[in-house]
Amino acid sequence: MTTQRTQVAIIGAGPAGLLLGQLLHRAGIANIIVERQDGAYILGRIRAGVLEQTTCDLLDEAGVGARLHADGLVHHGIELCFGGARHRIDLTGLTGGKHVTVYGQTEVTRDMMDARAAAGLTTVYHAKDAALHGFDGDTPRVTYSHAGAVHEIRCDFIAGCDGYHGVSRASVPPAALSIFEKVYPFGWLGVLADTPPVAHELIYSNHERGFALCSMRSTTRTRYYVQCALHDKVEQWSDTAFWDELRLRLDPQAAQALVTGPSIEKSIAPLRSFVAEPMRFGTLFLAGDAAHIVPPTGAKGLNLAASDVRFLSRAFIEHYTERSRAGIDHYSERCLRRIWKAERFSWWFTGLMHRFPETGAIGQKLQRAELDYLVGSTAASTALAENYVGLPFEV
Ligand code: FAS
Ligand code: PHB
């Protein structure tokens, strides 16, 4: 067995792990990332598309914001489509000047991978059977197998950035965890296509046939979603079937303007609300999807991962530079205060925009009444807008 020594061992080279590694490196804190897939596989996963300003600020702090500012699309509003018409929510006007940036998670991940490689930092791809040891004490270790050999990393801390299906949360004694979970009775069928966006801003549609979302990655690449049955399989959905269904769920103008084309990616994602508390166990810290999942309606998943990393990187920096444990000791409670507000917003927006057959005709009537109230009330629209652009950090 080979043995390496570092200060922070990071499990997972998704957005949370890469961003944490980059911020620690810039603060002079040594770290190694252990990732079970390879970079191409990670970049092939099509996920988030909307970044909060605080996430963009953190990417700048990490020194990886150049392409984001060059290619990202600044959006000052979103549109809600219901009853055959679209209603704009003026995000910037309602939040005193804030906005969101449309820039795909794939590109965020690529920028961080490139920066990590340029800095010569260690990312072990194809690392199998990662296991966490000794995190209930002060000498945590990570072991993994790679290229037919077993390797060990001795470290001061372990950051579990390995997502919902990762090994980190699974390594915590179940009795030490409180799990909160809600599974939604439908999924999102997503399509990526090299077509021009149907509108300048995102369209969230509540339709009796189901939810639809018109998003984008650039002015020439689009990302669309339709709510689908939980047991649907991608193979059941031809491109034509997808485009026809999307068109049916949009207002006449958008349906007319929709430019279709061959899908370059097509996938179905389940929707759940999930939180594991607490997020710290001795010298193991969970961040991102390893600790929480939101339904993507509110575009919070990636942004919450970034906010966890903001707290965690600052905690480690305080520990090493100021010999302070305040950030470490308060990490979990600080993250969870922000996480639960994003969970609430994502749950509320999902409940408002999707078709829930079990709530019957009155359910749709109540949704329509809330939508009519929302677009007609400055107070209600402001509540949506300030959550969508991202609530301010409390500490
Ligand atoms: P990630 O899951 O991205 O990364 C975890 C990494 O850990 C992966 O690379 C994985 O291979 C690795 N790993 C796992 N187990 C390991 C092990 N045992 N050893 C080593 N490595 C291991 N968010 C939005 O805001 N909008 C969206 O539209 C959206 N769509 C999504 C669609 C899907 C199918 C999924 C799953 C998520 C979606 N999300 C969306 C949320 C998504 O963007 C996450 O919030 C984001 O990827 C979180 O980043 P990480 O916490 O880094 O986790
Ligand atoms: C996306 O572009 O993938 C996207 C945008 C907004 C959401 C969810 C997904 O709420």
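Further up the page is the structure itself.
Predicted model only: the values in this text are computed from it and were never measured.

(A) Representation of the pairing of strand S11 (residues 141–146) within the structure. Pairing between strand S10 (residues 128–133) and S11: 4 bridges, direction antiparallel. Counterpart to His133 in the pairing with S11 is Arg141. In sequence, S11 turns back onto strand S12 (residues 149–154) through a hairpin of 2 residues, with Ala147 there showing a positive phi of about 50°.

(B) Quick look at the packing of helix H9 (residues 301–322) against helix H10 (residues 326–353). Remark: H9 packs on H10, axes separated minimally by 9 Å, with the N-to-C direction vectors making an angle of 170°. Put simply, H9 runs roughly antiparallel to H10. Seen from H9, the contacting residues are Leu304, Ser307, Asp308, Phe311, Leu312, Ala315, Glu318 and His319; seen from H10, they are Ala326, Gly327, Ile328, Tyr331, Arg334, Cys335, Arg338, Ile339 and Ala342.

(C) Examining the site of ligand 1 more closely. Near ligand 1 there are 29 residues, and of these Glu35, Arg45, Arg47, Gln105 and Asp289 occur at the shortest range. Between an oxygen atom of ligand 1 and a side-chain N or O atom of Arg45, the distance comes to 2.9 Å. The backbone of Asp289 places a nitrogen or oxygen atom 2.9 Å from an oxygen atom of ligand 1. Protein chains shield 86% of the accessible area of ligand 1, which is 990 Å² for the free molecule. Contributing elements (two or more residues each) for the shell around ligand 1: helix H1 (15–26) and H9.

(D) Structural view of the state of the cysteines. A full pass over the atoms with the stated rule returns 0 disulfides. Cys214 supplies the cysteine sulfur nearest to Cys81, a cysteine that is in no disulfide, at a spacing of 8.1 Å.

(E) The sheet that holds strand S3 (residues 31–34), seen in detail. Read across the open sheet, the 6 strands follow the order S9-S3-S2-S13-S20-S19; overall the sheet is mixed. Each edge of the open sheet carries a strand with a single partner, namely strand S9 (123–124) and strand S19 (280–281). Pairing between S3 and S9: 2 bridges, direction parallel. In the strand pairing of S9, Ile33 is matched with Thr123.

The rules we used
Residues numbered from 1 in each chain as written. Chains lettered and ligands numbered in written order. Predicted model: local features only at pLDDT ≥ 70, side-chain atom pairs only at ≥ 80, totals over all residues. Heavy atoms only, no water. Pairing = 2+ DSSP bridges. Helix = DSSP H or I, 4+ residues; strand = E, 2+ residues; numbered from the N terminus. Axes fitted to C-alpha atoms, helices over the stretch in contact; angles between N-to-C directions. Parallel < 35°, antiparallel > 145°, perpendicular 65-115°, else oblique. Contact = heavy atoms within 4.5 Å. Near = heavy atom within 4 Å. Polar contact = N/O pair within 3.5 Å; in protein donor to acceptor, adjacent residues only side chain to side chain. Areas by Shrake-Rupley, 256 points an atom, 1.4 Å probe, with all protein chains shown as cover. Disulfide = S-S within 2.5 Å.

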